[in-house]
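So you can see what is in the structure, the chains are spelled out below.
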Amino acid sequence: MSKTYTVAVVGATGAVGETMLKVLAERQFPIGKLHVLASERSAGSKIDFGARQLVVENLATFDPTGVDIALFSAGGAVSKEYAPKFAAAGAVVIDNSSSFRGDADVPLVVSEVNPEAAKNRPRGIIANPNCSTMQLMVALAPIHRAVGIERINIATYQSVSGTGVKAMEELGRQTAALLNFQDAKPEVYPVQIAFNVIPHGGDFLDNGYTTEEWKLVTETRKILGDDSILVNATVVRVPVFYGHSEAVHIETREKLSVDKARELLAAQPGLVLVDERKAGGYPTPVTHASGNDPVYVGRLREDVSHPRGLDMWVVADNIRKGAATNAVQLAELVIAETA
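These figures come from a predicted structure and were not determined experimentally.

Q: Give a description of the overall build of the chain that names residues and reports values.
A: In terms of regular secondary structure, the chain is built from eight helices and 14 strands. The globule rule puts the C-alpha radius of gyration for 339 residues at 20 Å, and the 20 Å found for the chain is close to it. Dimensions of the chain, computed from the C-alpha atoms along their principal axes, are close to 60 × 55 × 40 Å. Sequence separation of at least 24 residues holds for 67% of the intrachain contacts in the chain that already meet a minimum separation of 6. For the chain, the computed accessible surface area is about 15,100 Å², with 51% contributed by carbon and sulfur atoms. When the 33 positive and 39 negative side-chain charges of the chain are each reduced to one mean point, those points stand 2 Å apart.

Q: So, the sheet that holds strand β9 (residues 149–158): which residues are in play, and what are the values?
A: Judged by pairing direction, the sheet is mixed, and its six strands sit side by side in the order β10-β9-β11-β14-β13-β12 without closing on themselves. Here the strands that pair on one side only, and so sit at the sheet edges, are β10 (230–237) and β12 (271–273). Strand-to-strand twist across the sheet, computed as the mean angle between neighbouring axes with direction ignored, equals 20 degrees. One ladder, built from five bridges, connects strand β13 (residues 295–302) with strand β14 (residues 309–316); its direction is antiparallel. When the bridges of β14 are listed, E302 appears paired with L310.

Q: I'd love a proper account of the packing of helix α3 (residues 131–147) against helix α5 (residues 211–224), names of residues and values included.
A: Where α3 contacts α5, the two axes come as close as 10 Å, and the packing angle between them is 45 degrees. Judged by the angle between their axes, α3 and α5 are oblique. Both α3 and α5 take part in a crossing whose hand is right-handed. Here S132, T133, L136, M137, A141 and H144 of α3 come into contact with α5, specifically with K215, L216, E219, T220, I223 and L224. Class assignment for the residues of the contact of α3 with α5 results in six nonpolar, four polar and two charged.

Q: Kindly report on the packing of aromatic side chains, identifying the contributing residues and their values.
A: Under the criterion given, the structure shown has five aromatic pairs. Aromatic pair Y5 and F29: ring centres 6.5 Å apart, planes at 50 degrees, arrangement tilted. With Y5 in strand β1 (residues 5–10) and F29 in the loop between α1 (15–26) and β2 (31–38), this residue pair connects regions lying 24 residues apart in the sequence. Residue Y5 is classed as buried on the basis of its relative accessible area, which comes to 9%. Here the aromatic cluster, defined as three or more aromatic residues joined through ring pairs, consists of F62, F72 and F86. Looking at K85, its charged tip hangs above the ring of Y82, at a distance of 5.0 Å from the centre.

Q: Can you break down the pattern of salt bridges residue by residue, with the values?
A: Evaluation of the coordinates by the stated rule reveals 21 salt bridges. Ionic pairing is found between E81 and K85, a salt bridge with its closest N-O pair at 4.0 Å. You can see E81 and its partner K85 sitting in helix α2 (residues 76–88), four residues apart, about one turn around the helix. Under the relative-accessibility criterion, K85 is labelled partly exposed at 44%.

Q: Lay out unusual backbone geometry with the relevant residues and their values.
A: A positive phi angle, near 50 degrees, is found at Q28, a position not held by glycine. Within the fold, Q28 resides in the loop between α1 and β2. A positive phi angle, near 60 degrees, is found at F181, a position not held by glycine. You can see F181 is positioned in the loop between α4 (165–179) and α5.

Q: How would you explain the sheet that holds strand β8 (residues 125–127) if you had to name every residue and give the values?
A: Picture the strands of a sheet paired through backbone hydrogen bonds; they go either parallel or antiparallel. Strand order in the open sheet formed by six strands is β5-β2-β1-β6-β7-β8, and the pairing between neighbours is parallel. For this open sheet the edge positions go to β5 (57–58) and β8, each flanked by a neighbour on one side alone. Bridge analysis of strand β6 (residues 69–72) against strand β7 (residues 92–95) gives four bridges, and the strand direction is parallel. Each residue of the ladder has a partner; that of L71, found in β7, is I94. Against the sheet, α2 touches β1, β2, β6, β7 and β8, its axis set at about 175 degrees to β6.

Q: Run through the environment of A104, naming residues and quoting values.
A: Relative to the helices and strands, A104 is located in the loop between β7 and β8. Under the relative-accessibility criterion, A104 is labelled exposed at 83%.

Q: For the nonpolar core, give the residues involved together with the corresponding values.
A: Membership of the largest hydrophobic core comes to 56 residues, with the highest contact counts inside it found for F86, I152, V248, I250 and M312. Broken down by element, this core gets its largest block of residues, nine residues, from α3. Excluding residues that lie within four positions of it along the chain, F86 makes contacts with A8, V10, L37, L59, F62, P64, A70, F72, A91 and V93. V16, V36, A327 and L330 belong to the second-largest nonpolar core, a separate cluster that totals 34 residues.

Each value, and the rule that gives it
Residues numbered from 1 in each chain as written. Predicted model: local features only at pLDDT ≥ 70, side-chain atom pairs only at ≥ 80, totals over all residues. Heavy atoms only, no water. Helix = DSSP H or I, 4+ residues; strand = E, 2+ residues; numbered from the N terminus. Rg over C-alpha atoms; globule rule 2.2 N^0.38 Å. Contact = heavy atoms within 4.5 Å. Areas by Shrake-Rupley, 256 points an atom, 1.4 Å probe, with all protein chains shown as cover. Lys, Arg positive; Asp, Glu negative; His and termini not counted. Charge placed at Lys NZ, Arg CZ, Asp CG, Glu CD. Pairing = 2+ DSSP bridges. Axes fitted to C-alpha atoms, helices over the stretch in contact; angles between N-to-C directions. Parallel < 35°, antiparallel > 145°, perpendicular 65-115°, else oblique. Left-handed = near helix turned anticlockwise from the far one by under 90°. Nonpolar A, V, L, I, M, F, W, Y, C, P; charged D, E, K, R; others polar. Phe/Tyr/Trp six-rings, centres within 6.5 Å; stacked < 30°, edge-to-face > 60°. Buried < 20%, exposed > 50% of the residue type's maximum accessible area, 1.4 Å probe, protein only. Lys NZ or Arg CZ within 6 Å of the ring centre and 35° of its normal. Salt bridge = Lys/Arg side-chain N within 4 Å of Asp/Glu carboxyl O. Core = buried A, V, L, I, M, F, W, Y, C linked by side-chain atoms within 4.5 Å.

What follows is the structure in structure tokens.
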């Protein structure tokens, strides 16, 4: 009989938590017992898992003893309070918040990029990167391994699902209002998101960047293990429900041709190259990414402004690969250690 594991999903009623459950079922993770946890407000409600319905338990009163793997996606404050408690009780915690990503003793792992880092977890916690960093690393890791990357200049075009369910509802509500010649009132975002783009993600820092932009700087360096990489980021929120897009410009340490870059990217696990120089020969959030796990790359070309420059377009579903799927893949790495 194959071994099974006791799994807890914390934040199970949120967009990422629900997708974690879906991915666990799709990938047939060997679950013996599954706990779905949320706040007291959601406790007692029911949630689907495959053909079953599970009762949501109250995180505040839950005893984590006996949990093997805990997938957290309930926000930073919840992770800071409860993740150490689950780890102390013996669980391996895979956390989707930003609470532990910068800690030197917590590995920050993309399953197809640095899976070996997951083994070194002295605190029993593995951090899931930010969704925009996640897809970027899948695309850039093979290039960095081959010729080194000196500088990354990136502009992201991030969907509203990255902000949460209320943001998706706001986009839908504002769109309907504007199409009916009514005012679109912003509540989640500082300004109207429907039919608009907002160059703002997270909180502003003293240097003029935002926290979402700074995550791309620090997380890239940690995942690739190279603090010398220069990263310049601009985060933009766009009126798309699912799927983040990125216009990426890199300067490599050694010259890399487009043909060689295509070869490296085509061999990268978790990546699909969609790069035809014709109308529609490129990936978009709607036509490729939404509801799917791969990272899609297109619009590959040499940067005419730099002798070692390459440009590309990177797209992925921020809720799946950007959060839920990678978390489950990290859980698979954990159980593979004892298989």
